[in-house]
Every structure is written in structure tokens, then in C-alpha cells.
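Spelled out, the chains give:
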Amino acid sequence: MQKTGSRKRERASTPGIRGLVSPLALASPKGRIIYWVIFTVVVIAFALAFLFPVYWMITGAAKPADELTRTPPTLFPEQWNFSGYTDAWDQMDLPRHLWNTVVQAAGAWALQIVFCTAAAYSLSKLRPAFGKVILGGILATLMVPAQAMLVPKYLTVADLPLIHTSLLNDPLGIWLPAVANAFNLYLLKNFFDQIPKDVLEAAEIDGAGKLRQLWSILLPMSRPVLAVVSILGLVAVWQDFLWPLMVFSDTDKQPISVALVQLSQNISQSTQIGAMVIASIPMVLVFLVFQRHIIAGISAGSTKG
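Definitions and cut-offs
Residues numbered from 1 in each chain as written. Predicted model: local features only at pLDDT ≥ 70, side-chain atom pairs only at ≥ 80, totals over all residues. Heavy atoms only, no water. Helix = DSSP H or I, 4+ residues; strand = E, 2+ residues; numbered from the N terminus. Contact = heavy atoms within 4.5 Å. Areas by Shrake-Rupley, 256 points an atom, 1.4 Å probe, with all protein chains shown as cover. Phe/Tyr/Trp six-rings, centres within 6.5 Å; stacked < 30°, edge-to-face > 60°. Lys NZ or Arg CZ within 6 Å of the ring centre and 35° of its normal. Buried < 20%, exposed > 50% of the residue type's maximum accessible area, 1.4 Å probe, protein only. Axes fitted to C-alpha atoms, helices over the stretch in contact; angles between N-to-C directions. Parallel < 35°, antiparallel > 145°, perpendicular 65-115°, else oblique. Left-handed = near helix turned anticlockwise from the far one by under 90°. Arc of directions from axis to C-beta. 1 Å grid on protein atoms, 1.4 Å probe; cavity = no way out; pocket = protein on both sides within 12 Å on 5 of 7 lines; lining within 4 Å. Points joined across faces, edges and corners; volume = space filled by probe spheres on them. Nonpolar A, V, L, I, M, F, W, Y, C, P; charged D, E, K, R; others polar.

Caption draft 1: Structural detail: the overall build of the chain. Within the chain, the secondary structure is distributed over 17 helices and zero strands. Counting only contacts in the chain whose residues sit at least 6 apart along the sequence, the fraction spanning at least 24 positions is 69%. Entry remark: accessible area of the chain is about 19,500 Å², with carbon and sulfur atoms responsible for 68%.

Caption draft 2: Local environment of the packing of aromatic side chains. All chains considered together, the criterion is met by eight aromatic pairs. Each member of the aromatic cluster is reached from another via a ring pair, and the members are F52, Y55, W56 and F76. Looking at K63, its charged tip hangs above the ring of W56, at a distance of 4.2 Å from the centre. Of note, K153 hangs over the ring of W243, and the distance from its end group to the ring centre comes to 4.5 Å.

Caption draft 3: A look at unusual backbone geometry. With an omega of -5°, the peptide bond between T71 and P72 qualifies as cis. Within the chain, R127 stands out as a residue other than glycine whose phi angle is a positive 55°. Judged by relative accessible area, which is 54%, R127 ranks as exposed. Positive phi, normally seen in glycine, also occurs at N169, with a value near 60°. Position of N169 relative to the elements: it lies in the loop between α8 (150-158) and α9 (172-179). Looking at N169, the relative accessible area reads 22%, which means it is partly exposed.

Caption draft 4: A look at the packing of helix α3 (residues 29-60) against helix α16 (residues 269-289). Viewed as axis vectors pointing N to C, α3 and α16 meet at an angle of 125°, and their least axial separation amounts to 8 Å. One finds that α3 runs oblique with respect to α16. Crossing geometry of α3 relative to α16 is assigned as left-handed. Residue-level contacts link M57, I58 and G60 of α3 to S270, I273, M276, V277 and S280 of α16.

Caption draft 5: Fine view of helix α5 (residues 83-91). Within the sequence span of α5, burial applies to G84, Y85 and A88. One face of α5 carries all of its buried residues, which in axial projection span an arc of 100°. At the exit of α5 stands D93, carrying a positive phi of roughly 50°.

Caption draft 6: Region of interest: the layout of surface pockets. Space inside the largest pocket adds up to approximately 940 Å³. In terms of lining, the largest pocket is formed by 29 residues, of which the most central are A146, K153, P177, A180 and N181. Of all the secondary-structure elements, those providing two or more residues to the lining of the largest pocket are α6 (94-126), α8, α9, α10 (182-193), α13 (223-239) and α14 (242-247). Of the residues in the lining of the largest pocket, the class split is 21 nonpolar, six polar and two charged. Contributing to the lining of the second largest pocket are 13 residues, with W238, A279, S280, M283 and V284 lying nearest its centre. If you list the elements that add at least two residues to the lining of the second largest pocket, you get α13, α15 (256-262) and α16. Looking at the lining of the second largest pocket residue by residue, the class counts come to ten nonpolar, three polar and no charged.

This is the structure:
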């Protein structure tokens, strides 16, 4: 028993991974109890801070108008009424606007993946002339506020240079500006830089060309970072409001973010909240489906080799 106790004290006193609580304090039963109590309280507090607004929004659509505006508010609905969701679906024509948003987000995502991946591969592995200058110019656009680019983008989309055609009320007005995403391009290039040259050189010896190396080697290895870029691109288009409002003057072609504001007049508050809940469901599902790939992409970006 004395040898066992001395071994525990030696393990607790030996230097190891440092944290907020010393190993010596965690070795005692009282220290472990205090640690897990504090840890549990902190986790529950953070979970409530993030999940309570979601709960409040979901239950808000299930409350009648008088209960929704009551002071003090009720934590649980006295009488569950899901008519707010059905009214939002019918009165605000959510299927049409959700489909418009899916088309705009899917097109922007596909073009962004193709062109950003090609540009990142070129800057990372093909090493073009003045590549660093080009990359610096691309990254410099991140310092320009998005609001400052609205007017030039609108004038360009309203009268496309050379061909002099308008992309207003057209999904291309959303797709083409979304392609030029400097942040996602930098993420892809940084990931490609971490892939060893020996892998591509071995493929080149076997007769694989540059395009074959990208398609058969780099893209399968880049699934985690492609998932991160996809989520960022989809969320950016899905939640954008100001630019779709400028592009789409036709109500029938507006995405859900614009329709929620444009069609909220003469609509009850519970119906508006129900529409917001329905509009957020697709992005939540996308995140849950690609959650594993997102975490893998973040961890992959933090390691080298």
C-alpha cells in the first residue's frame, strides 16, 4: 500500500502536460470532485448560452400572439400551437423562396469550388510567374470592406462589360461575384502547400499529368478542407441579404433571406418566427451532415506534412 501511494505521488509530482489544475490536485479525491463539478457547470452554462436562443425561437412560433408579447415572458408555451409554421409555409410562399435560395447557393458553391480549387492548385503547385504578387493582390481584397464593393459590383452586373448584358434578376448575378472568394482560395492554397511534393513527383513519374494529379491525388486528399470551404460558401450565400436585395427586384425570384423581410408586412409575429425557423433548418442539416469533415479540415489545417 505504501509503494502504491508513493507511486501515485511520484506520478502526480512529475512534470507533464500543464493545465489550469495541477496533477497533484487532481490526484486527490477532493480535487477531482471540484474539477468535474466546475467542468460540468461551465459546459452546461455554455450549452445554455448557445442553445437557449434556438429554443426561444422554436417555442416562440408555437405561442399565440398575446402570449408572445406578454411581460414577463413565459418560458414554456401555455398552449402549443404550431399554426405559425403552417401559416409561414403557406402565406409567405416559403417553398418558392427556399428553392430560389437552393439554386443560388448551389450554383455559387459549384463555381467557387471549381475556380478557387484551380487557382489554389496553380498558385501552390504550378508556381506561375509573379505568383506571389498575384496572391498578394488577391489577399489585399480582404482588406476592402464588402460595403465599399457593392456599387461597383452592381454597376458591373447591371451592364456586363464587353457583352453589355444585364444579370439582374438572374442567378448569375449571385454566382459570378461569389466565385471571387479570396479567403477560401487562401485556405485551399495553404492546404495544398502542406501536401508533400514526393506524392506528386511519384505520380508524375507514373505518367500522370498536372490535371490528373489534381483530380486523382490532391482532391481526394483535400476532402476535409473542401468541406470547410463548402460550408463557408453555402452559409455566405444563404445568409446574405443586401446583395440579393439589390440583384432581385422580382419578388418571385428573391431568396429566403430577402423574402422574410419583404413579405413580413401584415404577418403575425409568430408566423415570422416560424418562417425564420424553417429558413434555418437547411443550414443546420448541412452542418450536421458535414460536421465530421469540418472538424477534420480544421485539424488538418493546423498540422504540417
